[in-house]
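Each chain, letter by letter, is given below.
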Amino acid sequence: MSGQDTSVLDDLLDRVTEAEHEFPGSYLRRAMAGFDTALWDLRGRQAGKPVTELLGGTPGRLRAYQFDET
């Protein structure tokens, strides 16, 4: 899909769906989610802004947790 206009996300996702119709289910959805994430990252880099801002939010601290396996 190189050289495609990345501003029309729905059209690109439709192309992924059409090209991978033989493998429906979780693999396709995971691929689409990864593609969607990559495009949002690209848009943020092009705009010089965090994706949070592009979606109308404000960047903040990310709370994380860790499982203790002991």
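Please read these numbers as outputs of a predicted model, since none were measured by experiment. (Residues numbered from 1 in each chain as written. Predicted model: local features only at pLDDT ≥ 70, side-chain atom pairs only at ≥ 80, totals over all residues. Heavy atoms only, no water.)

Asker: Can you lay out the overall build of the protein chain for me, pointing to particular residues and giving the numbers?
Answerer: The helix and strand tally for the protein chain stands at 3 helices and 0 strands. When the helices and strands of the protein chain are placed in sequence order, the string is α-α-α. Among the 70 residues that make up the protein chain, the fraction classed as buried is 11%. Split by element, the accessible area of the protein chain, about 6,200 Å² in all, is 52% carbon and sulfur. (Helix = DSSP H or I, 4+ residues; strand = E, 2+ residues; numbered from the N terminus. Buried < 20%, exposed > 50% of the residue type's maximum accessible area, 1.4 Å probe, protein only. Areas by Shrake-Rupley, 256 points an atom, 1.4 Å probe, with all protein chains shown as cover.)

Asker: I'd love a proper account of the confidence of the model for the protein chain, names of residues and values included.
Answerer: Do not read the fine detail of predicted coordinates wherever pLDDT is low. Here the protein chain averages 81 in pLDDT, while 84% of its residues score no lower than 70. At the level of individual helices and strands, the protein chain shows its lowest average pLDDT in helix 1 (residues 9-19), which scores 77, and its highest in helix 3 (residues 51-54), which scores 93. (pLDDT = per-residue confidence, 0-100.)

Asker: Account for a negative patch on the surface, with residues named and values stated.
Answerer: On the surface, D5, D10, D11, D14 and E18 cluster together into a negatively charged patch. Tracing the chain through its elements places D14 in helix 1. (Patch = residues over 30% accessible without salt bridge, like charges linked within 9 Å, V, L, I, M, F, W, Y side chains within 5 Å. Salt bridge = Lys/Arg side-chain N within 4 Å of Asp/Glu carboxyl O. Lys, Arg positive; Asp, Glu negative; His and termini not counted. Charge placed at Lys NZ, Arg CZ, Asp CG, Glu CD.)

Asker: Explain the pattern of salt bridges to me, using residue names and the numbers behind them.
Answerer: Pairing is possible between side chains of opposite charge, provided their charged atoms come close. As enumerated under the stated definition, the model contains 1 salt bridge in all. The residue D41 makes a salt bridge to R45 at a minimum N-O spacing of 2.7 Å. Here D41 and its partner R45 are both found in helix 2 (residues 26-47), 4 residues apart, which amounts to about one turn of the helix.

Asker: Which residues make up the packing of aromatic side chains, and what values do they have?
Answerer: Across all of its chains, the model carries 0 aromatic pairs by this definition. One cation-aromatic arrangement involves R43 over W40; the distance from NZ or CZ to the ring centre is 4.9 Å. (Phe/Tyr/Trp six-rings, centres within 6.5 Å; stacked < 30°, edge-to-face > 60°. Lys NZ or Arg CZ within 6 Å of the ring centre and 35° of its normal.)

Asker: Which residues make up helix 1, and what are the values?
Answerer: Along helix 1, the positions that sit buried rather than exposed are L9, L12, L13 and V16. For helix 1, the angular spread of the buried residues around the axis is 100 degrees, confining them to a single face. Across from the buried face of helix 1, at angles greater than 90 degrees, the exposed residues are D10 and E18. (Arc of directions from axis to C-beta.)

Asker: Quick rundown of the environment of L28? Include the residues and the values.
Answerer: Examined against the element boundaries, L28 turns out to sit in helix 2. A C-alpha to C-alpha distance of 8.3 Å links L28 and V16, two positions 12 residues apart in sequence.

Asker: Give a detailed account of the nonpolar core, specifying residues and quantitative values.
Answerer: In globular proteins that are soluble, nonpolar side chains generally tend to be buried together. Core analysis: the biggest nonpolar cluster contains 7 residues, these being L9, L12, L13, V16, L28, M32 and L39. Elements with a minimum of two residues in this core: helix 1 and helix 2. If one sorts the elements of this core by residue count, helix 1 sits on top with 4 residues. (Core = buried A, V, L, I, M, F, W, Y, C linked by side-chain atoms within 4.5 Å.)

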